[in-house]
There are 2 protein chains.
Amino acid sequence: MSGEKNLKVALLGCGTVGAQVARILLEDANELASRSGAGLQLIGIAVRNLETKRDVDLPIQLFTTDALGLIEQADVVIELLGGLDPAGQYIAAALSKGASVITGNKALIALKGAELNEVAAGSGAQLRYEAAVAGAIPILRPIADSLAGDHITKVMGIVNGTTNFILDAMDTTGAAFDDVLAEAQALGYAEADPTADVGGHDAAAKAAILASLAFHTTVSSEQVSTQGITEVTAEDVAAAAEAGYVIKLLAIAEQGEAGISVRVYPALIRRGHPLATVHGAFNAVFVEAENAGDLMFYGAGAGGNATASAVMGDVVAVARQIAAGAPLPNGSVHQSPRMLDFDAITTRYWIGLSVKDQSGVLAAIATVFGEHGVSIQSMSQQGDADSGAQLRILTHQGTESALASTVEALKALDAVHSVLSVMRVEGN
Amino acid sequence: MSGEKNLKVALLGCGTVGAQVARILLEDANELASRSGAGLQLIGIAVRNLETKRDVDLPIQLFTTDALGLIEQADVVIELLGGLDPAGQYIAAALSKGASVITGNKALIALKGAELNEVAAGSGAQLRYEAAVAGAIPILRPIADSLAGDHITKVMGIVNGTTNFILDAMDTTGAAFDDVLAEAQALGYAEADPTADVGGHDAAAKAAILASLAFHTTVSSEQVSTQGITEVTAEDVAAAAEAGYVIKLLAIAEQGEAGISVRVYPALIRRGHPLATVHGAFNAVFVEAENAGDLMFYGAGAGGNATASAVMGDVVAVARQIAAGAPLPNGSVHQSPRMLDFDAITTRYWIGLSVKDQSGVLAAIATVFGEHGVSIQSMSQQGDADSGAQLRILTHQGTESALASTVEALKALDAVHSVLSVMRVEGN
């Protein structure tokens, strides 16, 4: 079956992932042709600088700086440059002329996915981006296809390896955020400028993509309420551990009667929850669906080889469609989402308070919760002779607005020195 | 986009899963049409007995006993009768006339999948069976499609909920196999005749399907070396726990230089392995791929709603292809597998021995291992005044033939009363 058709493949970018994609395309050409029903010929690799040293030895004649010229000749374009610009223009150029595109560019897809999907639909080209979320883990296609006959109600993902590495190390060693971040940077798990990771922005882009596919709509990364992990302290982690919880940065997409909520924040997960067993830089996506129940997808979230695997899965899928002469099945109607205000989401709160160690304090605090209609699930106190007592309070379910105003009222209490931390609790 | 095309859907069987599929087709008709790009009209439900009480209230006029008559009018046939006969004839009849088929019939697919795939290819119809393995968990499509650009080296699945429920309960409570089985039967987790589950045959069918898709070949359930869990004792479970392991029934498909091995047996998994965290009747499939690394897919392995979710995912996929006027992309070349003899597989052994409590015993035993070229990783002894001592020996990697002949030689040793158990160890 191989050799019937030959598809010209252009690769844009030759970094950690791109170099592995090029290697696989060259090394496994026969096998890929047999699996795709079409030959996949790597016709060129567009890079910014021809002199840069690559991770893999690749034929020098493949390299070019003329990305648009390369795209012009291609049937399939693999974009692994990252960033919004010029990646976005290149993808649009490829799709408009009918070339299918595979990309791992989460920032771009989370911001411009709907627009690019329309360009693809206009020319009959395909746009695929499995590598954009959770690296090697097949998650987008299962959500979009395998669960297409079900109703997904919630997606909770550990989708950023850097922050999971940091939080896991804090949990294991008891170290402070700054120390673990420095170690992660030394080990190459965190970048010199870690803002995109620890600020939750990378996870927010992935949350937007997950929400769009899970709920058959278009959510942009700008619609994601985002909080990073920079304020998570060693004390939070220790107190959570004592209560039987672990803190994870979660990308959450939730759909209820009232609308869709997409958010990123550090949250407590009980130790017995499948997401709690995700260690180091691994990723996992937990999916709750009406009929399927609870599902989890687990694997490596980054790394050249792992991400290249996801890219190549998309390449074979695209090639199979082209080889079969098949237009892309596209029955989904993408409606604008009815977004829920962050204030209206329902979660549980875990509140750390520094309070005066005197009688009547607990009663005053309990009264504040009662006045705001928030009920307390558990309360634990740690005494401290010098600075008073520390309280950790776990609430039952409440709306964000009720919980947040409870915290405001607690701050104003005479008996409360300060609010040490406020975190949400997720998972059953 | 909905309403452009209308597909006539025939349902064969209305048991636990079938009733839920019918409910979803009727309840979610509009949404399914919008997601598929085609209307999905349930034209009838073929059952053996019209009088049987169903789990869901369904319009009585849908029911018929004339399966072949129903198939004749259908564009899409959902087969949920189970069993080889007449399900196989019905599926063949549907595929030959060009109707696409969705089935959850693992026994049939594991035995006749290749044949039925050929019938489908001949008429351009589609044959899908996501529900056949691991219930709600999207696993077949990720393996066949998402990982199509990678090389899968090993698949290890907990794919039978009944046996996982039993082994998990034995691990948690320390109870004996027979007692837990009786409890599982009382709770509805095990059938009155549990042979297919506890004998490993259900898992073997799923192993064959996983191997076929993972390695782009055709493995039949008859080619699967199968051992059930009936001989796993409370002592085995306790000794494994003490050594930091848990016993799970694994469906294993492995591909190495020398060939493909597909096997089912109870094996020790260390507690830190992701598969060890799979409790109760849950399923999980662990996949090792050259580029993607380690992946795990986790979820409910059975139940009407969960399995119906997998069926409906396939229904929407089939409908999308038909609505798009797209032939099924089918680039995979299915070669006959080069099967590895069971004797040639490489694993680690965990051997329980009852031995004489006297000097020189350990030396005699160690000599036997040395003579067979098998090296010992660890050995632990539990004394017992009456019956001598119990030894648990964990080996390093060895071939099945070397390990098995070591055990034979141990049996012949004067110092060995009996071999209490032999189990393999899987996972890193």
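The name recorded for chain A in an unreviewed UniProt entry is Homoserine dehydrogenase, from Glutamicibacter mishrai. Annotation of chain A in UniProt includes, under Sequence similarities (unreviewed entry), the sentence "Belongs to the homoserine dehydrogenase family."

Undergrad: Residue-level account of the UniProt feature "binding site: NADPH" (unreviewed entry) in chain A, with values.
TA: Residue and element names in this part refer to chain A. Per the UniProt annotation, the sites labelled "binding site: NADPH" (unreviewed entry) are K106. Turning to its location among the elements, K106 is positioned in helix α5 (residues 106-123). Residue classification places K106 among the partly exposed positions, given a relative accessible area of 27%. Discounting residues that sit within four places of it in the chain, K106 has contacts with A132, D202, A205, K206 and I209.

Undergrad: How would you summarise the interface of chain B and chain A if you had to cite specific residues and measurements?
TA: Listed per partner, the contact involves 53 residues of chain B and 53 residues of chain A. Carbon and sulfur atoms make up 55% of the surface buried where chain B meets chain A, a total of about 4,300 Å² over both sides. For the chain B face of the interface with chain A, the top three residues by lost area are B:R35, B:N291 and B:R320, together amounting to 15%. Linking chain B with chain A are two salt bridges, by the criterion used here. We note a salt bridge from B:R320 to A:D145, for which the minimum N-O separation is 3.0 Å. Run the count over chain B and chain A and you get 18 residue pairs in polar contact (both at pLDDT 80 or more). When residues of the side of chain B that touches chain A are traced back to their parent elements, those giving at least two are α1 (16-27), α2 (29-36), α6 (140-146), β12 (293-300) and α12 (304-323) of chain B. Looking at the side of chain B that touches chain A, the element that brings in the most residues is α12(B), giving eight residues.

Undergrad: How would you explain the sheet that holds strand β6 (residues 127-128) of chain B if you had to name every residue and give the values?
TA: Taken together, six strands build an open sheet; the order of strands is β3-β2-β1-β4-β5-β6 (chain B) and the sheet is parallel. For this open sheet the edge positions go to β3 (63-64) and β6 of chain B, each flanked by a neighbour on one side alone.

Undergrad: Describe the environment of A:N164, listing the residues and the values that go with them.
TA: Residue and element names in this part refer to chain A. Tracing the chain through its elements places N164 in helix α7 (residues 161-173). The exposure class of N164 is buried, given its relative accessible area of 2%. The spatial distance from the C-alpha of N164 to the C-alpha of G303 is 15 Å, given a sequence separation of 139 residues. When residues no more than four places from it in sequence are discounted, the contact partners of N164 are I158, K248, V278, H279, G280 and F282.

Procedures and definitions
- Residues numbered from 1 in each chain as written.
- Chains lettered and ligands numbered in written order.
- Predicted model: local features only at pLDDT ≥ 70, side-chain atom pairs only at ≥ 80, totals over all residues.
- Heavy atoms only, no water.
- UniProt positions renumbered as here; feature names shortened; annotations may be inferred.
- Helix = DSSP H or I, 4+ residues; strand = E, 2+ residues; numbered from the N terminus.
- Buried < 20%, exposed > 50% of the residue type's maximum accessible area, 1.4 Å probe, protein only.
- Contact = heavy atoms within 4.5 Å.
- Buried area = accessible area lost by both parts, 1.4 Å probe.
- Salt bridge = Lys/Arg side-chain N within 4 Å of Asp/Glu carboxyl O.
- Polar contact = N/O pair within 3.5 Å; in protein donor to acceptor, adjacent residues only side chain to side chain.
- Pairing = 2+ DSSP bridges.

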